[in-house]
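Take a look at the letters that make up each chain.
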Amino acid sequence: MTAGTLTLLSGESDRGHIRLAAAGSWTAENAGVLESLIEAATRPIPALKSISIDTAKIERLDSFGAWLLERALRTWKERECDAELVGLNENYRGLFDKVHVGTQKLPPPPKRPNSIVATLDSVGHTMAAVFADLILLAQTVGSVIAAFGRVVLHPSRFRFTSTVHHLERVGWHALPIILLITVLIGAILAQQGIFHFRKFGADIYVVDMVGVLVLRELGVLIVCIMVAGRSGSSYTAEIGAMKMREETDALRTMGFDPVEVLILPRILAIVIAVPILTLFGSLAALYGGGLVAWLYGGISPEVFLSRLRETINVQTLEVGMMKAPFMALVIGVVACMEGLQVQGSAESLGERTTNSVVKSIFLVIVLDGLFAMFFASIGL
Amino acid sequence: MANAAEPVIQVKDLVVELKSIRILNGVTLDVHRGEILGFVGASGAGKSVLTRTIVGLLPKLEGKIEVFGTDLDAIDDEDQRREIERRWGILFQQGALFSSLTVGQNVEFPMVEYLDISPRLMTEMAITKLEMVGLKPEVYRKYPSELSGGMIKRVALARALALDPEILFLDEPTSGLDPISAHEFDQLILTLQRTSQMAIFMVTHDLDSLYATCDRIAVLLDGKIGLAGNIDTMLASEQPWLKAYFHGARARAGQHGKQ
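Parameters and conventions
Residues numbered from 1 in each chain as written. Chains lettered and ligands numbered in written order. Predicted model: local features only at pLDDT ≥ 70, side-chain atom pairs only at ≥ 80, totals over all residues. Heavy atoms only, no water. Patch = residues over 30% accessible without salt bridge, like charges linked within 9 Å, V, L, I, M, F, W, Y side chains within 5 Å. Areas by Shrake-Rupley, 256 points an atom, 1.4 Å probe, with all protein chains shown as cover. Salt bridge = Lys/Arg side-chain N within 4 Å of Asp/Glu carboxyl O. Helix = DSSP H or I, 4+ residues; strand = E, 2+ residues; numbered from the N terminus. Buried < 20%, exposed > 50% of the residue type's maximum accessible area, 1.4 Å probe, protein only. Right-handed = clockwise from strand over helix to strand, strands pointing away. Pairing = 2+ DSSP bridges. Contact = heavy atoms within 4.5 Å. Axes fitted to C-alpha atoms, helices over the stretch in contact; angles between N-to-C directions. Arc of directions from axis to C-beta. Polar contact = N/O pair within 3.5 Å; in protein donor to acceptor, adjacent residues only side chain to side chain. 1 Å grid on protein atoms, 1.4 Å probe; cavity = no way out; pocket = protein on both sides within 12 Å on 5 of 7 lines; lining within 4 Å. Points joined across faces, edges and corners; volume = space filled by probe spheres on them. Nonpolar A, V, L, I, M, F, W, Y, C, P; charged D, E, K, R; others polar. Parallel < 35°, antiparallel > 145°, perpendicular 65-115°, else oblique. Left-handed = near helix turned anticlockwise from the far one by under 90°.

A. Region of interest: a nonpolar patch on the surface. A surface patch of nonpolar side chains, about 480 Å² in accessible area, is lined by V123(A), M127(A), V130(A), F131(A) and L134(A). Locating V130(A) in the fold gives a position in helix α5 (residues 115-153).

What follows is the structure, given as C-alpha cells:
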C-alpha cells in the first residue's frame, strides 16, 4: 500500500451533513482497502441529510476506485440522502460517467432444487441420456451402413486414399505398441500359470492355458482396448475438432455427407486393421508365453510347440478372429458418434473423448460376453 | 498524471526468426503513454509476430524490448515479470476466451490472480467492465460458446481491461465485425483511451479504424518499420505499397466516411 488508509478517505460531520475527502491512489492495487473504507463510510447514520465526497486530492483513479465511489453514492441515494462528488478532476469525468451509467442488474442465479430432488433429477437425466445414446448409436450404425451402401453402388465415391491413410495410422503405426503389450501379456500369463501349476506338477498345462486364453479371448480383447484408447480417442478428437471449427458444416453445405467423407473411411480402416492386429498380437502373446515357459519354466520350445499343436486348432483362432471386426466396428462407431456430439468448448471435446474410450471399452467387453454365450451354445 | 510523451514500450533493433525465416529484421519502435498507435503491414508481414514478441510469446534473436523502462531480458525474477504483465492487457484476434469458464469468470480471472478483493466487489467490477464494453449484465452467466463473434470480442476486451491496464494490445480488434459494431468498437476504444490514458498498440487492417482512432501509424515493410507518423504522413508517402494501401478503392471509401 502506498498510502496510509487514513489519507485515502477521511471525513468530518456537521449536523446531518458529512463531508468526506478522498485522496491518494484510488486504483486496483488498493481496492481491497478502499472497499472496507467505503463500507465503513456507508454504515447507516440516522438523520443524515446530505453527504459529499471531495475528490480533488485523488492522485490516480481507475475503474475500481470510480466504481467504489459510485457504489457509495448509490447506497446513500437509496436511503434518500443527497450525495455528490465535488472537485472531480476533468480527466476522470469520462471514466466516472462510464461507471455511472452501468445498471449492475444481474439476473438472479438459477435456483438450486433441494438435494434429494437434484439427485433424482440427475438419475432421471442420466437414464434419459443412456436411452438417447442407444438411439444415437443405432442411428450412427444406420447412417454408416447407408453410406456404405451408397459407396457400393457408386464405387467412384469411395475415398480410397483416405481409407489407406487411416489404415496406416490405425494399423501400421499401432503395430509396435500392440506387439510389445501382447508379448508382455503372454509372458505374464505363462509366468503366473507356471508358478501356480507347478505346485501340483501340472507345468505343461500352462501351454493349454496360454494357447486357448490368448487365441480365444485375450488377444482380441487387449488389441481392442489398445485400439480404443489409441485410435478411438484420436477419431473422436479429430472429428470433434472438425465439428468445432465448422468443417463438418462446410462439407454438408458443399453437398457432401460427413458420414461418407469422414466416418466411413475411418470405420473401414479400423475394421480392416483390428483383425490384422489381433492376429499379430495373438502370435506375439504366444511368443512371449513360449519364451517365459522356456526360460522360467524349463519347457523347451519343441515341447511347447508340440503341446500347442495338440491343444489348439484353427477353430480356436477363428473364434478370436471372428470377434475382431465386430469389436472394431463398435469402437469406430462409438468414436465417430462421440466426435459428432462435440459442442463449442474445449471442455466438451475432452469430455467426449473420455466418453468415447470408456463407452467403447465397455461395449467391447459386453460384446465379448455375448460372443461367449453364442459360441457356447453352438458348441465351439 | 505522467508525462504524455514518455515511452511505455521501446523496441530496438528487434530481429525475430521463425523456423529460420527472418520475419522481423531490425524493428525499432516506441509507443508513448496516452497514444493510440496503429500498426499496419501486408498480411503475413509479421505484425502479429511483433505483438507476440513484445508480450513474450515468441523468442527474439536480437534486439532489446523495454516496457515501462524495464528491459524485459534483465528481469530474472518471476514477481517482477508478473508485475509488468499485470499492467498490460491483450485482446487476441479470436478473443481467446477460456471456453470452460463463464463470461463473468473470464473477466474475473485476472482479478482473482492479482487482486485481493471481496467476491462482491469482483462481481461488481466484472459487470462494470462488461457494461463499459457495451454488453448487458445478463451475459455474465453465459458461456463463450453461447455468444456471437462481436460479443466474444467485447468480452475479450472486458477481460483485457479487467485490471485497468496501462498498455492495451489489440490484435485486429474490428476484424469479423459488421461496420456498425466496428464503428462502435472504435468509439469504445477512443472513450476508454481518453478516460484512462492508456497506451494502445493496435494491429489493424481496418482503414476506418486507422482514420477514426489512431494518433500515429507505423508501417511494417520488409521486416522493418518503413514509416511512422500520422495519417497525413501516410497519405503523402510515395512508397508504392503505402500508396496502394492508403489510396486504393477501399481507402477512398474510408476517407469519404470520415468527411
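From this point, the narrative continues.
B. Geometry of the pairing of strand β2 (residues 17-26) of chain A. Counted residue by residue, β2(A) has seven buried out of ten residues, so it is predominantly covered. With respect to chirality, the unit in which β2(A) leads through helix α2 (residues 31-41) of chain A into the neighbouring parallel strand β3 (residues 50-61) of chain A is right-handed.

C. A look at the sheet that holds strand β5 (residues 70-71) of chain B. All names here are of chain B. Taken in spatial order, the four strands of this open sheet run β2-β1-β4-β5, and their pairing is antiparallel. Each edge of the open sheet is held by one strand with a lone partner, namely β2 (21-32) and β5. Pairing of strand β1 (residues 7-18) with strand β4 (residues 62-67) involves five bridges; the strand directions are antiparallel. In the strand pairing of β4, Q10 is matched with E66. Most of the contacts of helix α1 (residues 47-54) go to β1, to which it runs at about 115 degrees, and overall it touches β1, β2 and β4.

D. Highlighting helix α9 (residues 240-247) of chain B. Residues and elements named next belong to chain B. Of all the positions in α9, only L242, Y245 and F246 are classed as buried. An end-on view of α9 places all buried positions within 80 degrees of arc, on one side of the element. Those residues of α9 that are exposed and angled more than 90 degrees off the buried face are P240 and A244.

E. The pairing of strand β4 (residues 82-86) of chain A, seen in detail. Residue and element names in this part refer to chain A. Of the two faces of β4, only one is covered, namely that formed by A83 and L85; the face formed by D82, E84 and V86 stays uncovered. Where β3 lies against β4, five bridges are found, and the strand directions are parallel. Its bridge partner lying in β4, D54 is registered against V86. For the crossover from β3 across helix α3 (residues 63-78) to β4, the handedness is right-handed.

F. Structural detail: the side chain of D208(A). Residues and elements named next belong to chain A. Looking at the secondary structure, you find D208 in helix α8 (residues 205-244). Within the structure, the side chain of D208 is placed 2.9 Å from the side chain of R307, a separation counted as a polar contact. Apart from residues no more than four positions distant in its own chain, D208 is found in contact with R307 and T311.

G. Region of interest: the layout of surface pockets. Of the volumes computed, that of the largest pocket is approximately 730 Å³. Together, 23 residues line the largest pocket, and M244(A), G344(A), Q94(B), P144(B) and I152(B) are the ones closest to its centre. Of all elements in the fold, only α8 of chain A together with α5 (149-160) of chain B reach the threshold of two or more residues within the lining of the largest pocket. Per-element tally for the lining of the largest pocket: the top contributor is α5(B), with three residues. Of the residues contributing to the lining of the largest pocket, the split by class is seven nonpolar, twelve polar and four charged.

H. Highlighting the packing of helix α3 (residues 103-114) of chain B against α5(B). Residue and element names in this part refer to chain B. At their nearest, the axes of α3 and α5 sit 8 Å apart, and the two run at 25 degrees to each other. Taken together, the axes of α3 and α5 are roughly parallel relative to one another. Crossing angle aside, the handedness with which α3 passes α5 is right-handed. Of the residues in α5, those touching α3 at V103, N106, V107 and P110 are V155, A158 and R159. Of the residues belonging to the contact of α3 with α5, the class tally is five nonpolar, one polar and one charged.

As far as function goes, none of this settles anything; it's purely spatial.
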